[in-house]
Amino acid sequence: MFLKVQMPWNVIIPAESLDAKGLMLKKAIVIRLMDEFASKKATKDLGYFMAVTTLESIGEGRVRQNTGDVLFPVFFSGIAFKMFRGEILQGVVHKVLKHGVFLKCGPVQNIYLSHIKMPDYRYVPGENGMFMNDKHSKIEKDVVIRFIVIGTKWMEAEREFQALVSLEGDFLGPVS
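Remember, predicted model here, so these are calculated numbers, not experimental data.

Student: Give me the lowdown on helix α1 (residues 25–40), citing residues and values where you can.
Tutor: Here α1 contains 16 residues, and its C-alpha end-to-end distance of 22 Å stays within 8% of the 22 Å for a straight helix at 1.5 Å per residue. Every buried residue belonging to α1 is among A28, I29, L33 and F37, and all of these are buried. Angular distribution of buried residues about the axis of α1 spans 160°; they occupy a single face of the element. Away from its buried face, by an angle of more than 90 degrees, α1 presents the exposed residues A38 and S39.

See the structure below:
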């Protein structure tokens, strides 16, 4: 689900980037904010950071003692993506294994769909393994699947989420 978030942030502008006239200051703050925002990737509470939409306010800059850099507290609005338990989403299969498949959905790269959570599908081995049911519906690489989220897990070291999903429910499975 996409969320609109409002966040405080501290932006540090190096002393050499400051312009005597101050005309480029807002641009420098916005560029630095965007770079830091993109490198942060995600948080446990808000999910994946997708975009900065508006810069609400820029606080008064404070000069840092040892470096001469200036720290500006800013407040901005942005868009984040986070999966919730019970939510129905679509993803693309990127890896097929004997015991299940891995999907991608937006910025989330590690979504696992176990063969136990695919009712009526059975694994068909081969060069390009796949899951197939009696109606010849296939789950293979690059197929779009509608699924329900069973649970998510935050991985602090990688700064990303993992999810466990299921096809148990109405209107879930490969999307044609």
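Once you've had a look at it, read on.
Student: Report on the pattern of salt bridges, specifying residues and quantitative values.
Tutor: Taken as a whole, this structure holds 5 salt bridges when the rule is applied. The partner of E168 in a salt bridge is K117, with the nearest N and O atoms 3.5 Å apart. Of the two residues, E168 is situated in the loop between β13 (160–166) and β14 (173–174) and K117 in the loop between β8 (108–114) and β9 (122–124); the sequence distance between them amounts to 51 residues. Ionic pairing is found between D134 and R122, a salt bridge with its closest N-O pair at 3.5 Å. Here the residue D134 occupies a position in the loop between β10 (130–132) and β11 (138–139), and R122 occupies one in strand β9, the gap between them amounting to 12 residues.

Student: Can you lay out the environment of I31 for me, pointing to particular residues and giving the numbers?
Tutor: Along the chain, I31 falls in helix α1. Judged by relative accessible area, which is 42%, I31 ranks as partly exposed. Distance in space between the C-alpha atoms of I31 and D142 is 36 Å, their sequence separation being 111 residues.

Student: Talk me through the sheet that holds β9; I want residue IDs and the actual numbers.
Tutor: Across the sheet, 3 strands lie side by side as β9-β10-β11; this open sheet has antiparallel pairing. With one partner strand each, in any of the chains shown, β9 and β11 form the two edges of the open sheet. Where β10 and β11 come together, 2 bridges link them in antiparallel fashion. Across the sheet, the residue bridging to M132 is K138, located in β11.

Definitions and limits used
Residues numbered from 1 in each chain as written. Predicted model: local features only at pLDDT ≥ 70, side-chain atom pairs only at ≥ 80, totals over all residues. Heavy atoms only, no water. Helix = DSSP H or I, 4+ residues; strand = E, 2+ residues; numbered from the N terminus. Expected span 1.5 Å × (residues − 1). Buried < 20%, exposed > 50% of the residue type's maximum accessible area, 1.4 Å probe, protein only. Arc of directions from axis to C-beta. Salt bridge = Lys/Arg side-chain N within 4 Å of Asp/Glu carboxyl O. Pairing = 2+ DSSP bridges.

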